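# Residue-level structure breakdown
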Amino acid sequence: MRTPSRGARATVLVLALLACNDGLHPVPAPTTCPQHFTGICGHVTFAGAIPDSTDAVYIVAYHTFPRSRDSLFTFQPGIAFLQALPLDSAATFYSVGLPTGRYEWVVAVWKKLGTLTTASADSLLREAGFYRDPADTTLPGVVNVYTQGTDSIDFVIDFAHMHPPCRYYNPPCP
Amino acid sequence: MRRALALLALACVPSVANGQATGVVFGTVRDSAGTAVGFAIIQGGKREVSSDSSGRYRIQLPAGPVHLTVSRIGFLRQTQDASVPAGDSLQLDFRFAGGIPIEMQPVITTAAKRSQLLDQAVTSVAIVTDSDIARRAVNTIDEAVDKAPGVQILSGQINIRGSSGFVEGVGSRVLLLVDGVPMNQGDRGGIDWDLVPVDQVERVEIVKGAGSTLYGSSALGGVVNLITRALPLGFHGRVRTTAGYYANPPSDLWRFRDFTGGEGGLDVAASFGTPTFRGAFMGGDRHSNGYVQQGGGDHWHVLGKGEWHAADRTLIRLAGAWADADYQVPGTWCTRGSCDDGGQAYQPFRVDTTNNLGAHTRSAKGYLTGIVERTISDAASWQARGSWLRTNFTDFQPSGNDGAIANTFGVELRGVVRPAPDQIATVGGEAALSDVTGNIFGVHTQGEYAAYGESERRFGLDRLTIGARMDLLTIDGGSITAVVSPRAGLLVPAGEGTWRLSAGRGFRAPSLAERYVTTTAFGIPVVPNPALRPEEAWSFEVGHARPFGARAHGDAALFWTQGRLLIEPTITINPLTRNPQIQFRNLQRARLIGLDVALQATPFTERLKTTAAYTFLYARELAHDSIPEQSLPFRPRHHLTLSADYTLGHVGAGVDFRYSSRMDRVAIYETDPRIAAKVLDLRAQYGRGPLAAHLLVANALNYIYTVVPRTLEPVRTVTLTLVYSY
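Here the structure is a predicted model, which is why all the values come from computation and not from measurement.

All names here are of chain A. Strand order in this open sheet of three strands is β2-β5-β6, and the pairing throughout is antiparallel. In the strand order of this sheet, the two ends are held by β2 (54-62) and β6 (125-130), each with one partner. For this sheet, the mean angle separating the axes of adjacent strands, direction not counted, is 30°. Bridging between strand β5 (residues 105-112) and β6 involves five bridges; their strand directions are antiparallel.

In structure tokens, the structure reads:
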């Protein structure tokens, strides 16, 4: 059996070293859910002028439609995992990691600058748009999340027509 | 030049005996490979001196013929006859011919709070020497500790066998000591790695596993002891300067500035020692542009030490240091839409301009320590210590500034006694009082009062160690909590190796920050939890260390840590107000099982030294409340470090490789891409006489990666370090 030449050994060493260089690389902004992702993805289109008092806009999902203040904070993902939407363009792609399951309401929440409490929720939070049932666009669309990402959860965020959470309570606020 | 220095020294040193003509003999002591040999004893007539760490010596002798001998443990004694010229100097270099240095067991002081040989410690101990630190040309001590077996630094937070994970700098499950004095922050409980200038660290001892039996709180996962340089006799000076640059992003799509970032620093140290008094002072400065946008910083530090050998067996030591840093805080990197993203999903070199633009931190910290050591007899000694640690930070953020000032005052009285030839015991009492004043922590105090004892008894060649510590913790002068931390260990020599077994309990008192933080995160109020209880863990270890022939030494340990009441930030609904809130709570139960293997070898030739270390970690968060069992976040399952160093005369070259597997789970941005860390460092060095040069190419392949999501780890950095020692 021939002993590998010095050059061959050096080549193997260089190849082994290069194999280590598979770190992060530039990735174009996605237009569909990434692989191995569990959650929802889609495009949101912005309408109306962004208020100066805007703190952030988040997309969250509720397993059950929140009909009271107590259920207002039962959304997914957890508060620590919320990601603000970029607001510098007329439309943007988003992805929100969610546990698998059925969600009755996928909603964009506008948050005003200030510290949030349940008491201040009606003044600091606004529903700014939600995913609608394709068959009846007056109703929220139900979304099922499986182990792979659910695409095309597209909707409009309209800063000119935002509503306080209590609008959806039972009974709603005046 | 040498001759001139010798003549200068001759002018400064008082004559041996008035009226008697003298001369100076100076030179260097080296081994057969040409490596400088420090601490060699040079004897001529009735006088003797020792060589410094660069192998250099200088001895003043009566003029005339003299018989000089040079000796050091592990080498054959060398002799040489010479004639000392009156009023002049003579250079005599020594070389230990043909001898191979005997590998002496390192002496450690941390594992049992007393001196002992490394293979007599009942728990695993890793050592980072000043040679390791110098070869790696690092700027902060955490960069050197990161290479130790079983240790990983995650964005500045140390993990020993997966102890801490990543908890945003609040609370460390590892205790930092500086020359044996506890130095974890009084408010946040974390570690400031820049507290001690890296150039002043002579050795780092890392004790793995629960160490609360001797050290109390925070020693839940281990103890790191930074041992600063000893003060030698005579006048010595040292200048260390570094300069380097950071690689630009590997893709133009990630470019964030139109220049190449750099870093640089300068340290100057001087010491003077007589048999009675010794002192040293050093100061230094460092600047960095950072390798990411808004990643730069400035740092300066000073350190002083003094020793007074007040009597034959009494030593008084004083030490102090102060470090001040102003560094930019890049925060999490930019994702789509949160900066000029160039159409990319993420921009790892750019800052998220919606949250972090302009954020920076001013951080100052320092300590004063005073220690009295007295050896009463060969069978008894005691040490008394007082210390003061102060930290002061201000986070300047777009949303408002946060800051706090904290002090920790500590005292300790410790004794080491040998009641019988086959028994040795360490006993002591310790107290620490921490206070904090800040807009997010309020004004609070925390006291820790403890008594401890540990005894080692020999049965033939076997050694049995048993000890315990009782800690009383108080908050704001009330609410006493008692914690007992026992430990037992057994050492059993078998054949060429030694088996060790240990079981110990560790704990960590909640930091004042975890108890009392009041701030806002994600728009949600973070509320205090004064009722937090100490975290607890039991650590078990079975280890074996043995040589493999004359050229290799191995150490393997199986470990099991069972933790409970681990503190985590939790989002809850306030039961009274129904408001969402974030609060630190005792929640987690965890189990960490693993294997730690380290091998050192000098294969083929004495000039080549290699090390390999591998840690396997199976870390589980056990089911609690409604949370099912799952992986503990921020614990890689596999961690491998390899290194090789080849030395030929005055030059040397080395390579380090670090692999850390993809995290099974992270607690933030869980959907972000996660990859393994594979980092290759290349090193070269040249040393001749008082001058040494070290070239480091860290992350030579410019591997772009993260260990904490959205926080870019260092890119390729080329650093040249020059050291001049006198």
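From this point, the discussion proceeds with the structure in view.
Membership of the largest hydrophobic core comes to 39 residues, with the highest contact counts inside it found for Val60(A), Tyr62(A), Leu72(A), Phe75(A), Trp105(A), Val107(A) and Phe441(B). Elements with a contribution of two residues or more to this core: β2, β5, α2 (121-124) and β6 of chain A together with β27 (402-420), α5 (512-516), β34 (524-526) and β37 (580-601) of chain B. Take this core: its biggest share by element is four residues, from β2(A). Contacts of Phe75(A), omitting those with residues within four sequence positions, involve Val60(A), Ala61(A), Tyr62(A) and Leu82(A). In terms of nonpolar packing, the next biggest core, distinct from the first, is built from 35 residues, Ile133(B), Ile158(B), Trp193(B) and Leu195(B) among them.

With 37 residues of chain B at the interface, the matching set in chain A holds 29 residues. Surface buried jointly by chain B and chain A totals about 2900 Å² across both partners, of which 63% is contributed by carbon and sulfur atoms. If you look at where chain B meets chain A, you find zero salt bridges. Our count for the chain B to chain A interface comes out at six residue pairs in polar contact (both at pLDDT 80 or more). Mapped onto the side of chain B that touches chain A, the elements with two or more residues apiece are β34, β36 (552-573) and β42 (677-688) of chain B. The class makeup of the residues in the side of chain B that touches chain A is 21 nonpolar, 11 polar and five charged.

Glancing now at the state of the cysteines. Residue and element names in this part refer to chain A. Summed over the entire model, instances satisfying the criterion amount to two disulfides over all chains. Linked covalently through their sulfurs, cysteine 33 and cysteine 41 form a disulfide whose S-S length is 1.9 Å. The sign of the 115° torsion about the S-S bond sets the cysteine 33-cysteine 41 disulfide as right-handed. Residue classification places cysteine 33 among the buried positions, given a relative accessible area of 13%. Overall, cysteine 41 belongs to the buried group, its relative accessible area being 0%.

Backbone torsion omega between Gln76(A) and Pro77(A) reads -5°, so that peptide bond is classified as cis. Positive phi values are uncommon outside glycine, yet Asp476(B) reaches one of about 50°. Along the chain, the position of Asp476(B) falls in the loop between β30 (462-475) and β31 (478-494). For Asn699(B), which is not a glycine, the phi torsion comes out positive at approximately 50°. Looking at where Asn699(B) falls in the secondary structure, it is placed in the loop between β43 (691-698) and β44 (717-725). Owing to a relative accessible area of 3%, Asn699(B) belongs among the buried residues under this scheme.

With the rule as written, the count across this model stands at 21 aromatic pairs over all chains. Arranged with centres 6.2 Å apart and planes meeting at 15°, the rings of Trp538(B) and Phe540(B) form a pair that is stacked. Each residue in the set Tyr62(A), Phe65(A), Phe73(A), Phe75(A), Trp105(A), Phe130(A) and Tyr168(A) is aromatic and connected to the rest through ring pairs, giving one cluster. Against the face of Phe130(A) rests Arg132(A), its NZ or CZ located 4.2 Å from the ring centre.

Calculation criteria
Residues numbered from 1 in each chain as written. Chains lettered and ligands numbered in written order. Predicted model: local features only at pLDDT ≥ 70, side-chain atom pairs only at ≥ 80, totals over all residues. Heavy atoms only, no water. Pairing = 2+ DSSP bridges. Helix = DSSP H or I, 4+ residues; strand = E, 2+ residues; numbered from the N terminus. Axes fitted to C-alpha atoms, helices over the stretch in contact; angles between N-to-C directions. Core = buried A, V, L, I, M, F, W, Y, C linked by side-chain atoms within 4.5 Å. Buried < 20%, exposed > 50% of the residue type's maximum accessible area, 1.4 Å probe, protein only. Contact = heavy atoms within 4.5 Å. Buried area = accessible area lost by both parts, 1.4 Å probe. Salt bridge = Lys/Arg side-chain N within 4 Å of Asp/Glu carboxyl O. Polar contact = N/O pair within 3.5 Å; in protein donor to acceptor, adjacent residues only side chain to side chain. Nonpolar A, V, L, I, M, F, W, Y, C, P; charged D, E, K, R; others polar. Disulfide = S-S within 2.5 Å. Phe/Tyr/Trp six-rings, centres within 6.5 Å; stacked < 30°, edge-to-face > 60°. Lys NZ or Arg CZ within 6 Å of the ring centre and 35° of its normal.

Keep in mind these numbers describe shape, not what the thing actually does.
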